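# Chains, contacts and geometry: an overview
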Amino acid sequence: MIRIADVEEQEEEKHQSIDPADDYPTEEQDFHAGKIYCANCIHCKLVPEKSTGDDRYVLRIRCAAGKWKKKLGEEKLYKYCTITRRYLDNCDTYEEMGDTRTYIRELKKSLPEKDELYVLFQGTEE
């Protein structure tokens, strides 16, 4: 036997408004306090990497201190557009460049959403 109150409660739960903003992390949820963000380290360097064509390249990030390694020992490079998501619990070579929260927030605003191809500049000689 089903009680009327139980049915009414179930109907209320079905019709509660759903806020789509709940699905997206807020700035507070997106920032991990106490973590070391590699983008805010003095050893985090922007480097060009050749792409599919001879005259094109993409931007990558590398650790000048040599902390990013693949399993076989090669240097690991990260996409420029994803560097704000790279953080560690600790790093013995980390040198902070400023307020991490502010820097990461501003960097996220200015970074491209996906990889962008760049063309090498070829000067003309006269």
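Let me begin by describing the structure that accompanies this report. A quick note: this is a predicted structure, and the numbers were derived from the prediction, not measured. (Residues numbered from 1 in each chain as written. Predicted model: local features only at pLDDT ≥ 70, side-chain atom pairs only at ≥ 80, totals over all residues. Heavy atoms only, no water.)

## Thoughts on the nonpolar core
- Residues Y37, C38, A39, C44, I61, C63, W68, I83, I104, L107 and L111 constitute the largest nonpolar core, which totals eleven residues.
- Only β3 (56-63) and α3 (100-110) provide two or more residues apiece to this core.
- Leaving out residues up to four positions away in the same chain, A39 has contacts with C44, I83, M97, Y103, I104 and L107. (Core = buried A, V, L, I, M, F, W, Y, C linked by side-chain atoms within 4.5 Å. Buried < 20%, exposed > 50% of the residue type's maximum accessible area, 1.4 Å probe, protein only. Helix = DSSP H or I, 4+ residues; strand = E, 2+ residues; numbered from the N terminus. Contact = heavy atoms within 4.5 Å.)

## Considerations on the pattern of salt bridges
- Scanning the model with the defined rule gives seven salt bridges in all.
- E74 serves as the salt-bridge partner of K70, at 4.0 Å between the closest nitrogen and oxygen.
- According to the relative accessible area criterion, E74 is partly exposed, its value standing at 46%.
- Sharing partners across several salt bridges, the network here consists of E49, R60 and D115. (Salt bridge = Lys/Arg side-chain N within 4 Å of Asp/Glu carboxyl O.)

## Side note on the packing of aromatic side chains
- The final tally for this structure, using the stated rule, is three aromatic pairs.
- Ring geometry for Y57 versus Y118: centroids 5.5 Å apart, planes at 25°, classification stacked. Of this pair, Y57 sits in strand β3 while Y118 sits in strand β6 (residues 118-119), and the two are 61 residues apart along the sequence.
- Taking the centre distance of 4.9 Å and the plane angle of 90° together, the rings of W68 and Y78 count as edge-to-face. Pair noted here: W68 is in the loop between β3 and β4 (78-79) and Y78 is in strand β4, with a separation of ten residues, a long-range link.
- We classify W68 as buried; its relative accessible area is 4%.
- In this structure, K76 packs its charged tip against the face of Y78, placed 5.2 Å from the ring centre. (Phe/Tyr/Trp six-rings, centres within 6.5 Å; stacked < 30°, edge-to-face > 60°. Lys NZ or Arg CZ within 6 Å of the ring centre and 35° of its normal.)

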